[in-house]
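# Summary of structural features
Spelled out from the first residue to the last, the chains are:
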Amino acid sequence: MARLGGGLAYPPVDGRPAMSYPASFYSALHRGTPGDLDHYRRVCEGASSILELGCGYGRVVTALAASGRTIVGVELDPQMLALARAAVETLAPSLRAGITLCHGDMRDLSLPQRFERVLVPFGGLYCMLDDAELDAALRTVTHHLAPGGRAAFDVYRADEFHATAEPEDVPADAHTPLTRVEVDGVPYEVLERSRWDRDHQRIDVEYLYVSEQGDAVVGTIEQRYLLEPQLHAALARAGLRVVEQHGGFVAPEPRREDEDEDELLVLVVARVGE
Ligand SMILES: C[S@@+](CC[C@H](N)C(=O)[O-])C[C@H]1O[C@@H](n2cnc3c(N)ncnc32)[C@H](O)[C@@H]1O
């Protein structure tokens with residue numbers, strides 16, 4: 001008998017969960033965008049203090065760990081946080097010494113420290129499901145920046161999709177095979193389907209993991225995408241200005257021909273006036 005799982009990863013915050021996705025399944029599939037870690041390493045060169053909002057299972061925190069560097073990772077999902085803590089434990093003592101991971105909400109966070117870099121990698125801003133949440137998260141970014149500091153994030157660019165896609169391009173009733181992954185030693189086929197709401201700029205993606213025995217687990221990512229002018233307006237409301245903008249990560253190899261130049265919005269920002 002197939003067992004449909006998933007469930008809430010953590011109790012609802014303000015009446016809703018931020019994500020409903022068992023962390024071990026999430027971490028097996030969502031491994032970042034090629035080139036993103038090199039980009040964040042470059043952005044953080046010379047920085048001795050870094051805050052990552054929405055640090056997930058610790059992918060970026062562990063990649064940026066360096067002797068003498070302070071890194072704070074904040075994550076809402078306790079399961080993810082547990083995976084991040086386990087990942088940090090595997091680092092050499094000199095690397096993990098400066099890392100602190102804490103349970104927290106980027107929409108409502110006030111740490112005593114200020115940081116030279118504040119990061120929200122891998123589409124974390126799209127977890128903010130309305131303008132109030134986005135503004136709150138960006139105020140958190142501004143609040144935690146040290147004087148002269150820089151914040152950096154990346155999100156996928158949705159402008160063309162939003163303007164030109166038709167509802168039938170995103171069939172909500174069909175699962176599409178995506179890939180195969182192994183979770184805790186068990187192989188799963190992964191299928192996905194998306195629910196798109198153009199008016200609310202929402203694409204909620206459901207990932208269905210099915211084992212050879214027919215066990216099934218569901219993970220859902222709820223997201224609200226932004227159009228580029230909306231993101232720029234939100235940055236201005238938070239007192240932030242764009243220092244760098246790229247359409248993708250600069251990969252070490254030449255870009256493949258079939259890759260869209262502008263598939264991402266990769267931004268480095270500073271406080272207005274700095
Ligand atoms: C797309 S994932 C990115 C994870 C990680 N930054 C990476 O690059 O691998 C976004 C993460 O933000 C977390 N998250 C969502 N809403 C949050 C909030 N309000 N405060 C803190 N973390 C949040 C999610 O649980 C998830 O782990």
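All values reported here derive from a predicted model rather than from experimental measurement.

The helix and strand tally for the protein chain stands at eight helices and 11 strands. Burial analysis of the protein chain (274 residues in total) assigns 36% to the buried set. A fraction of 67% describes how many contacts in the protein chain between residues 6 or more apart in sequence connect residues 24 or more apart.

Further remarks concern helix α4 (residues 78-89). Between the first and last C-alpha of α4 there are 16 Å, a value that for 12 residues agrees with the 16 Å anticipated at 1.5 Å per step. Looking only at α4, the buried set comprises Met80, Leu81, Leu83, Ala84, Ala87 and Val88. For α4, the angular spread of buried residues about the axis comes to 160°, placing them on one side. Projecting away from the buried face of α4 at angles above 90 degrees are the exposed residues Ala86 and Glu89. Structurally, α4 contributes buried residues whose contacts are with α1 (23-29), α3 (59-64), β2 (70-75), α5 (93-96) and β3 (99-103).

This part takes up the pairing of β2. By the criterion of burial, β2 is predominantly enclosed, with five of the six residues buried. Here strand β1 (residues 49-53) pairs with β2 via five bridges, running parallel. Residue Glu52 lies in a different strand from β2, and its bridge partner there is Gly73. Note on the crossover from β1 through α3 to β2: the handedness is right-handed. Here β2 pairs with β3 via five bridges, running parallel. Its bridge partner being in β3, Val72 is matched across the sheet by Thr100.

Note on placement: Leu235 falls in helix α8 (residues 228-237). A tally of 20 C-beta atoms within 10 Å means that Leu235 is categorised as buried. Here the alpha-carbon distance between Leu235 and Val269, two residues 34 residues apart in the chain, equals 8.5 Å. In contact with Leu235, not counting residues within four places along its chain, are Leu138, Leu240, Val242 and Val269.

The next thing to look at is the sheet that holds strand β9 (residues 216-221). Strand order in the open sheet formed by four strands is β6-β7-β8-β9, with antiparallel pairing between adjacent strands. Whereas interior strands pair on both sides, the edge strands pair on one side only; in this sheet they are β6 (176-183) and β9. In this sheet, adjacent strand axes meet at a mean angle of 25° when their direction is disregarded. In the sheet, strand β8 (residues 202-211) pairs with β9 via six bridges, with the strands oriented antiparallel. Looking at β9, one finds that Val210 is bridged to Ala216.

Quick look at the sheet that holds strand β11 (residues 264-271) now. In space, the seven strands of this open sheet follow the order β3-β2-β1-β4-β5-β11-β10, with mixed pairing throughout. Each edge of the open sheet is held by one strand with a lone partner, namely β3 and β10 (240-246). Recorded for the sheet is a direction-independent mean angle of 20° between the axes of neighbouring strands. With six bridges connecting them, strand β5 (residues 145-156) and β11 associate as antiparallel partners. Within β11, the residue paired with Ala151 across the bridge is Val269. Along the sheet, helix α2 (residues 36-43) makes contact with β4 (115-120), β5 and β11, crossing β5 at roughly 170°.

Cut-offs used in this document
Residues take numbers from 1 onward in each chain, read along the sequence in its written order. Local features in this predicted model are restricted to residues of pLDDT 70 or higher, and side-chain atom pairs are both shown and tallied only at a pLDDT of 80 or more, whereas totals for entire chains, interfaces and linings draw on every residue. Put simply, DSSP marks the helices as runs of H or I at least four residues long and the strands as runs of E at least two long, and each gets a number from the N terminus on. To sort residues by burial, count the other C-beta atoms lying within 10 Å of each one's C-beta; a count of 20 or more means buried, 12 or fewer means exposed, and anything in between means partly exposed. C-beta atoms are built from the backbone. Two residues form a contact once the distance between their C-beta atoms, set from the backbone, is within 7 Å. In this scheme, a helix's expected span is set at 1.5 Å multiplied by one less than its residue total. Our arc is simply the arc of the directions from the helix axis toward the C-beta atoms. Here the rule is simple: two strands pair whenever DSSP picks up at least two bridges between them. Clockwise travel from the first strand over the helix to the second, with the strands pointing away from the viewer, marks a crossover as right-handed. Lines fitted to the C-alpha atoms define the axes, with helices restricted to the stretch that makes contact. Angles between their N-to-C directions range from 0 to 180 degrees.

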